[in-house]
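Fold and geometry: a report
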Amino acid sequence: MTNIPHVLILGGGFGGLSAANELRNSLPSSEVKITVIDKKDWFMVGFAKLWIINGTRTFENSIGSLKELEKKEIDFVQDEVTSINLEDNNVETKSQKFSFDFLIISMGAVLAPQKIPGLEENGFNLYDHNHLSKIHDKLQHIESGKIAISIMGMPYKCPPAPFEASLLIDSMLRKRGVRNSVQIDFYSPAPITLPAAGPEVSKQILELVNSEKINFHNSSKIKSVEQNKLIFENSEADFDLLLAVPPHVAPKVIYDSGLAKDSGFIPIDRDCKTPFENVFAVGDVTSLTVAENMTVPKAGVFAEGEGVTVAKNIISKIQAKESSALFDGKGGCFIESGRDTASLIEVDMFTNDKPSTNLTESTSDNLSKKIEFEKERLSKWL
Ligand SMILES: Cc1cc2nc3c(=O)[nH]c(=O)nc-3n(C[C@H](O)[C@H](O)[C@H](O)COP(=O)(O)OP(=O)(O)OC[C@H]3O[C@@H](n4cnc5c(N)ncnc54)[C@H](O)[C@@H]3O)c2cc1C
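These notes cover the structure that comes with them. (Residues numbered from 1 in each chain as written. Predicted model: local features only at pLDDT ≥ 70, side-chain atom pairs only at ≥ 80, totals over all residues. Heavy atoms only, no water.)

**Points about the overall build of the protein**
The number of helices and strands found in the protein is 9 helices and 26 strands. Whereas a compact globule of 382 residues would reach a radius of gyration of roughly 21 Å, the protein reaches 21 Å, a difference of no more than 12%. When the 382 residues of the protein are sorted by exposure, 56% land in the buried category. The long-range share in the protein, meaning contacts at least 24 apart out of those at least 6 apart in sequence, stands at 67%. Total accessible area on the protein stands at roughly 17000 Å², and carbon and sulfur atoms take up 46% of it. Positive and negative side-chain charges in the protein, numbering 41 and 52 respectively, have mean positions lying 2 Å apart. (Helix = DSSP H or I, 4+ residues; strand = E, 2+ residues; numbered from the N terminus. Rg over C-alpha atoms; globule rule 2.2 N^0.38 Å. Buried < 20%, exposed > 50% of the residue type's maximum accessible area, 1.4 Å probe, protein only. Contact = heavy atoms within 4.5 Å. Areas by Shrake-Rupley, 256 points an atom, 1.4 Å probe, with all protein chains shown as cover. Lys, Arg positive; Asp, Glu negative; His and termini not counted. Charge placed at Lys NZ, Arg CZ, Asp CG, Glu CD.)

Listed below in structure tokens is the structure:
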């Protein structure tokens, strides 16, 4: 180890920013050097994408600049990571090479629409920031027809978000006075709305979307998309506007480095360690098993909690302490109703024998808390 240990963080999203800040808030720059590398120079809280779609936000007023990290003596490098060399403790980007004492991989999940034949030509990607204002325009002009929201792979980021999108779209169309002539269909490969939240919460979410006349079609496994047509394994469906959640994979460099196999994610435990000494992984790029057939959902709150866990473990190592922190598996995701209220899905994954979830009442107070959640992240991290 060099005199001042160097923590290299790949990805400045929820996981990377929470880890960087926890480290810097605990140790000054004389005790730890921190570098964050990201190919883009901005951060956005994921759910702001839905506000760009419904027109209450623009991209420009929803982002924070990663360059602000410099003010906290956290180095920020805007570049693409091209190689992770775990045997030699270094990482290469398109233009530089960085050595590290500790590595935190927080590179998120990559959207892979190309895995579904015909999707890129015939549908929009609900999660791609480049598609959001086009989706908004389409929703501002649609007068009649069918909107299809389709989940095309599991796991995907923030399981409630597409349901929330359907409710916000319902609300937009109601305000425009065209809702009665536009049908909204929701297709999921899963048998229930939110498998990660269990059958009880799933039933409540189903009732919520049904109460707004959004048709939920379960077990609809997509094969391909044609012009105005979804082809599922066992059926077909027409649409006029398709908003898809494409399959998610890890960044290519993760497979190249051998950290994950096939189209999977980096397997971790609650200490967020990888099999490589002083190499940690957090957030959407990982897979953390909770119970049989269940992993920690891909959500910002969990990436954040894992980022803090890793920071604590690195601080212990730097201070030559024995203690090892474990991710507590607690968090909550807001779900906006489209009627100026929100409920919160509360999750506790590890306290009891099996994960517990609870859906709170939909209130305007929860909607204020959701808005505050975003403000707080942007102001405390950047
Ligand atoms: C519409 C929507 C709504 C959501 N709502 C919620 C919500 O209400 N609550 C919640 O908790 N979560 C929500 N999420 C999910 C949340 O945004 C993600 O789970 C979270 O961002 C994951 O954090 P992360 O740090 O693992 O990855 P990310 O935040 O995705 O960060 C990964 C970073 O790595 C960078 N990167 C990737 N590859 C490279 C490379 N090769 N070189 C350099 N940089 C690279 C990326 O540019 C990115 O900045 C939502 C997501 C969406 C899309």
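After that view, the rundown keeps rolling.
**Quick notes on the nonpolar core**
Nonpolar side chains in soluble globular proteins tend to end up buried together. Residues Ile84, Leu103, Ile105, Ile147 and Ile254 are the most contacted members of the largest nonpolar core, which totals 113 residues. Broken down by element, this core gets its largest block of residues, 8 residues, from helix 5 (residues 161-176). Other than its neighbours up to four places away in sequence, Leu103 contacts Leu8, Leu10, Ile84, Leu86, Val91, Asn278, Val279 and Phe280. (Core = buried A, V, L, I, M, F, W, Y, C linked by side-chain atoms within 4.5 Å.)

**Notes on the site of the ligand**
As a matter of local geometry, the ligand sits amid 27 residues, with Gly15, Asp38, Val81, Asp284 and Gly300 nearest to it. Between the ligand and Lys39 there is a distance of 3.1 Å, counted from a nitrogen atom to a backbone nitrogen or oxygen. Met107 is positioned with one of its backbone polar atoms (N or O) 3.4 Å from an oxygen atom of the ligand. When the ligand sits alone it has 1000 Å² of accessible area, and the protein chains cover 94% of it. Of all the secondary structure elements, the ones that give two or more residues to the shell around the ligand are helix 1 (14-26) and helix 8 (300-318). Broken down by element, the residue count for the shell around the ligand peaks at 3 residues, all from helix 8. (Near = heavy atom within 4 Å. Polar contact = N/O pair within 3.5 Å; in protein donor to acceptor, adjacent residues only side chain to side chain.)

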